[in-house]
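Reading the structure
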Amino acid sequence: MDSTGRRTAPIATPTPLDARSPAPDVARGALLLLIAVANAPLHLWGTAPGAFGAHPVEGGVADRVVQTLALVLVDGRTYPVFAFLFGYGIVQLHRRQHTAGVPHDEARRLLRRRHGWMVAFGAVHALLLWSGDVIGAYGLIGLVLTAAFLDRRDRTIAVWVGILTGLLLLSTALVGAWASATAPTGPATVDGDLTALPEPAAMEDHLLAAAVRFGYWLLQLLLDWLLLVMPLAVLVAFLAARHQVLERPADHLRLLRWTAVTGIAVGWGAGSVTALQNLGVLRADGSVGLGLLLLQNCAGLACGLGYAALFGLLAVRWGARRGPVVRALQATGRRSMTCYLAQSVVFAPLMSAWGLGWGQHLSSWSIALVAVATWAATVALAVALERAGRRGPAETLLRRLTYPRPAVADAR
């Protein structure tokens, strides 16, 4: 009973750090590097962006090399795989509660609290530092899809995966056809109206920048649903987690190999086309930037699932033997929210006009170096916390807000 004398349902405490499945955490730790590299160009300001994401039009050879690698390997690939891992974790958490004998309704309330607080975390993150926050997007997706699909049969979820995949492919094809039919003849460019949008990083007034960041974040919440990629990744993860694909990868080698090879081939193939157009090797008639970005978006889902499968295969190869690099990545993945937020704590003050303003002076290659250094610093922080037996600050706060007080006390 609680302090008021009411009977309370039992709640399973958070999974101990040393009992977590290694593959998802190692994947999160490694992919945080790709997230840092993907987000880095969005902190540049003062130069016109090209037709392919936030990469600047101007740049030397080193910049073009970095842009090419990002367009092929990174852009549009990292957030889908994190959405997959997030969805996978939802099922793991729910299974843990069920195994501990927690009533179904109480387990669902636990998930609602967790996802609701994630939306709040994302709102604060966007307001203070970064308009591209995805913690809130994952929380909102978790709220809706958990309510709609967590209790559904595998077949029902698979049917909806098929429906949403069809809608994604159809919308990509229609928008691409419309862009080709209506755009004027000439090299691919960005619509001038888009280049005139205010850049929060270029604003010296922190309060005004915060308002613009928050508005962009709200718009992104809508786009995340309209683009379908992240909800699709979460639904696929529901199916994968029910069959423990990442906990028992040796039992699913054929599926993992097929997904890794096919997904990565599709993602890198589409990215290569975009990269060649960014380099000017391939010419496109008219303003096809939107169509190309949607193609990247669609292929990014396949590539993200391929990356997740690849880490499952690597887990089989590691077995019980994990070297220092794998252990460091695992420690980082266990604290992925803290490490993700730490990237903004570094980038926003350094790059923004209201801070040191480095974003006006760096280019694609130099800001990529800052991204790599920032990620390396978060890995060092995670390793230090791991040795001390402590969770990350963000994970600790989320657990305290999510779990009832007695459960939190037991978990410390």
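Quick caveat: nothing in here was measured; it's all calculated off a predicted structure.

1. Some details on the environment of leucine 93
Tracing the backbone through its elements, the reader meets leucine 93 in helix H3 (residues 78-99). For the pair leucine 93 and leucine 110, spaced 17 residues apart in sequence, the C-alpha separation works out to 9.4 Å. Other than its neighbours up to four places away in sequence, leucine 93 contacts Leu110, Leu111, Arg114 and Tyr403.

2. Digging into the packing of helix H4 (residues 104-128) against helix H15 (residues 393-402)
It is the contact of H4 with H15, at a shortest axis distance of 9 Å, that shows an interaxial angle of 135°. It follows from the interaxial angle that H4 and H15 lie oblique. Along this stretch, H4 crosses H15, giving a crossing that reads as right-handed. Together, Leu110, Arg113, Arg114, Trp117, Met118 and Phe121 of H4 and Ala394, Leu397, Leu398, Leu401 and Thr402 of H15 make up the contact between the two elements. Residue composition of the contact of H4 with H15, by class: eight nonpolar, one polar and two charged.

3. Quick notes on helix H8 (residues 206-226)
For H8, spanning 21 residues, the distance from its first C-alpha to its last is 30 Å, which sits close to the expected 30 Å at 1.5 Å a residue. Every buried residue of H8 is accounted for by Ala209, Ala210, Val212, Arg213, Trp217, Gln220, Leu221 and Asp224. If you check the start of H8, you find a side-chain oxygen 2.9 Å away from the backbone N of leucine 207, and it comes from aspartate 205. Just past H8, the residue leucine 228 takes up positive phi, approximately 75°.

4. Some thoughts on the UniProt feature "transmembrane region" (unreviewed entry) in the chain
Within this numbering scheme, the UniProt entry marks residues 68-91, 134-150, 157-179, 225-243, 255-276, 288-316, 337-356 and 362-385 as carrying the feature "transmembrane region" (unreviewed entry). End C-alpha atoms of residues 68-91 are separated by 36 Å, and the span's content is 88% helix alongside 0% strand. Regarding residues 134-150, the helix share stands at 88% and the strand share at 0%, and the terminal C-alpha atoms are separated by 21 Å.

5. Looking at a nonpolar patch on the surface
Together, Leu219, Leu222, Leu223, Leu226 and Leu227 line one region of the surface with nonpolar side chains, adding up to about 440 Å² of accessible area. With respect to the helices and strands, leucine 227 occurs in the loop between H8 and helix H9 (229-242). When its relative accessible area of 31% is taken as the criterion, leucine 227 is described as partly exposed.

6. Examining the nonpolar core
Grouped together as the largest cluster of nonpolar side chains are 80 residues, with contacts concentrated most on Phe84, Tyr88, Tyr138, Leu235, Phe238 and Tyr340. Here phenylalanine 238 is in contact with Gly87, Ile90, Val91, Leu145, Thr146, Phe149, Leu150 and Ile157, once residues within four sequence places are set aside.

7. Topic: the packing of helix H13 (residues 336-351) against helix H14 (residues 364-388)
At a minimum axis separation of 10 Å, H13 and H14 run at an interaxial angle of 140°. Taken together, the axis directions place H13 and H14 in an arrangement best described as oblique. When you trace H13 past H14, the crossing you get is right-handed. For the pair H13 and H14, contact is made by Cys339, Ala342, Gln343, Val346, Phe347 and Met351 and by Ile367, Val370, Ala371, Thr374, Thr378 and Ala382, respectively. Taken together, the residues of the contact of H13 with H14 break down into nine nonpolar, three polar and no charged.

8. What to know about the pattern of salt bridges
For the structure on display, the rule yields nine salt bridges. Across the pair aspartate 25 and arginine 28 runs a salt bridge whose closest N-O atoms are separated by 3.1 Å. Taken together, the residues aspartate 25 and arginine 28, both in helix H1 (residues 22-39) and three residues apart, mark about one turn of the helix. A relative accessible area of 1% places aspartate 25 in the buried class. Here arginine 335 and glutamate 386 are joined by a salt bridge, their closest N and O atoms 2.8 Å apart.

What counts, and where the lines are drawn
- Residues numbered from 1 in each chain as written.
- Predicted model: local features only at pLDDT ≥ 70, side-chain atom pairs only at ≥ 80, totals over all residues.
- Heavy atoms only, no water.
- Helix = DSSP H or I, 4+ residues; strand = E, 2+ residues; numbered from the N terminus.
- Contact = heavy atoms within 4.5 Å.
- Axes fitted to C-alpha atoms, helices over the stretch in contact; angles between N-to-C directions.
- Parallel < 35°, antiparallel > 145°, perpendicular 65-115°, else oblique.
- Left-handed = near helix turned anticlockwise from the far one by under 90°.
- Nonpolar A, V, L, I, M, F, W, Y, C, P; charged D, E, K, R; others polar.
- Expected span 1.5 Å × (residues − 1).
- Buried < 20%, exposed > 50% of the residue type's maximum accessible area, 1.4 Å probe, protein only.
- Polar contact = N/O pair within 3.5 Å; in protein donor to acceptor, adjacent residues only side chain to side chain.
- UniProt positions renumbered as here; feature names shortened; annotations may be inferred.
- Patch = residues over 30% accessible without salt bridge, like charges linked within 9 Å, V, L, I, M, F, W, Y side chains within 5 Å.
- Areas by Shrake-Rupley, 256 points an atom, 1.4 Å probe, with all protein chains shown as cover.
- Salt bridge = Lys/Arg side-chain N within 4 Å of Asp/Glu carboxyl O.
- Core = buried A, V, L, I, M, F, W, Y, C linked by side-chain atoms within 4.5 Å.

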